[in-house]
Amino acid sequence: MAGQPMHRLGDLQLEILQALGKMGRARVAEVQQQLGNDLAYTTVATMLRKMEDRQLVCHGEAGRRFIYAAAVTADEVSRSMSSRLVERVFDGSLA
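Residues numbered from 1 in each chain as written. Predicted model: local features only at pLDDT ≥ 70, side-chain atom pairs only at ≥ 80, totals over all residues. Heavy atoms only, no water.

Engineer: Hey, could you go over the sheet that holds strand S2 (residues 57-62) for me, with residue numbers and the actual values?
Structural biologist: The 3 strands are arranged S1-S3-S2 in an open sheet whose pairing can be described as antiparallel. Sheet topology places strand S1 (25-26) and S2 at the edges, where each strand pairs with a single neighbour. Two elements, S2 and strand S3 (residues 65-70), share 6 bridges in a ladder whose sense is antiparallel. From the neighbouring strand, Cys58 faces S3, where its bridge partner is Ala69. In the packing of helix H1 (residues 11-23) onto the sheet, the strands contacted are S1, S2 and S3, and the crossing angle to S3 comes to about 95 degrees. (Pairing = 2+ DSSP bridges. Helix = DSSP H or I, 4+ residues; strand = E, 2+ residues; numbered from the N terminus. Contact = heavy atoms within 4.5 Å. Axes fitted to C-alpha atoms, helices over the stretch in contact; angles between N-to-C directions.)

As structure tokens, this is what we get:
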């Protein structure tokens with residue numbers, strides 16, 4: 001995967017990307033609600049900021065609120081994670 005970024009995401013990051021994929025654009029509270037678990041607002045906000053630092057999500061502003069959107073597609077993440085798995089487990093070869 002030369003020239004392509006490697007995406008290593010934890011479970012929560014994947015859930016957030018999936019939620020943003022369904023909603024398109026959303027505020028932190030909307031992402032928190034979509035996740036449907038007992039995560040604190042601050043946890044979701046912190047994760048979104050960290051994901052933005054990694055260029056996985058981006059944000060715009062509506063008044064004083066940030067509106068987040070996925071900056072990568074599910075397909076890009078899947079390919080990257082699959083490629084990393086092949087590298088780690090099979091030393092780069094499926095054969």
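Engineer: Residue-level account of the pattern of salt bridges, with values.
Structural biologist: The tally for this structure, following the rule as stated, stands at 1 salt bridge. A salt bridge links Glu30 to Arg27; the nearest nitrogen and oxygen atoms lie 3.3 Å apart. Note on Glu30: relative accessible area 28%, which makes it partly exposed. (Salt bridge = Lys/Arg side-chain N within 4 Å of Asp/Glu carboxyl O. Buried < 20%, exposed > 50% of the residue type's maximum accessible area, 1.4 Å probe, protein only.)

Engineer: Residue-level account of unusual backbone geometry, with values.
Structural biologist: Look at Gln55: it is not a glycine, yet its phi comes out positive at around 65 degrees. Residue placement: Gln55 occurs in the loop between helix H3 (41-53) and S2. Relative accessible area serves as the criterion here: at 62%, Gln55 is assigned to the exposed category.

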